[in-house]
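# Examination of the molecular architecture
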Amino acid sequence: MSKVVTLRKSGNSLILTAPAELKDHIGRQYTVAQRSDGSIVYQPVTKQNIFDDPDWLQYDYQQDMRADPELQSLDPVGKERLEE
């Protein structure tokens, strides 16, 4: 499918109209990128499960818990020490 559309301004936004043949995709989100040659590419946003990422499969939660000082146990300093 190849159609010619015109870039228009509406308020603070720029608009490229989509052909009516795309009506089945109403509501779908797209990322937009402009290439160095001036072409504009729209790609559908896919919902990605972050835990399918190989970096997350190797992630060591316990190491993070040990390394982050804000996640360490605190020694009570006052009346919060209720049991001994």
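Residues numbered from 1 in each chain as written. Predicted model: local features only at pLDDT ≥ 70, side-chain atom pairs only at ≥ 80, totals over all residues. Heavy atoms only, no water.

## Some words on the packing of aromatic side chains
Applying the stated criterion across every chain, the model contains three aromatic pairs. Aromatic pair Trp56 and Tyr59: ring centres 5.0 Å apart, planes at 55°, arrangement tilted. An aromatic cluster of three or more residues is present, and its members are Trp56, Tyr59 and Tyr61. (Phe/Tyr/Trp six-rings, centres within 6.5 Å; stacked < 30°, edge-to-face > 60°.)

## Quick word on the pairing of strand E3 (residues 30-34)
Bridge count between E3 and strand E4 (residues 40-44): five bridges; the pairing is antiparallel. When the sheet's bridge partners are listed, Val32 is paired in E4 with Tyr42. From the end of E3 to the start of E4, which pair antiparallel, there are five residues, and Gly38 there has a positive phi angle of about 95°. (Pairing = 2+ DSSP bridges. Helix = DSSP H or I, 4+ residues; strand = E, 2+ residues; numbered from the N terminus.)

## Here's the deal with a negative patch on the surface
Among the surface-exposed residues, Asp60, Asp64, Asp68 and Glu70 lie close enough to one another that they form a single negatively charged patch. As for its position among the elements, Asp60 is in the loop between helix H1 (54-57) and helix H2 (61-67). On the accessibility criterion, Asp60 (40% relative accessible area) is partly exposed. (Patch = residues over 30% accessible without salt bridge, like charges linked within 9 Å, V, L, I, M, F, W, Y side chains within 5 Å. Areas by Shrake-Rupley, 256 points an atom, 1.4 Å probe, with all protein chains shown as cover. Salt bridge = Lys/Arg side-chain N within 4 Å of Asp/Glu carboxyl O. Lys, Arg positive; Asp, Glu negative; His and termini not counted. Charge placed at Lys NZ, Arg CZ, Asp CG, Glu CD. Buried < 20%, exposed > 50% of the residue type's maximum accessible area, 1.4 Å probe, protein only.)

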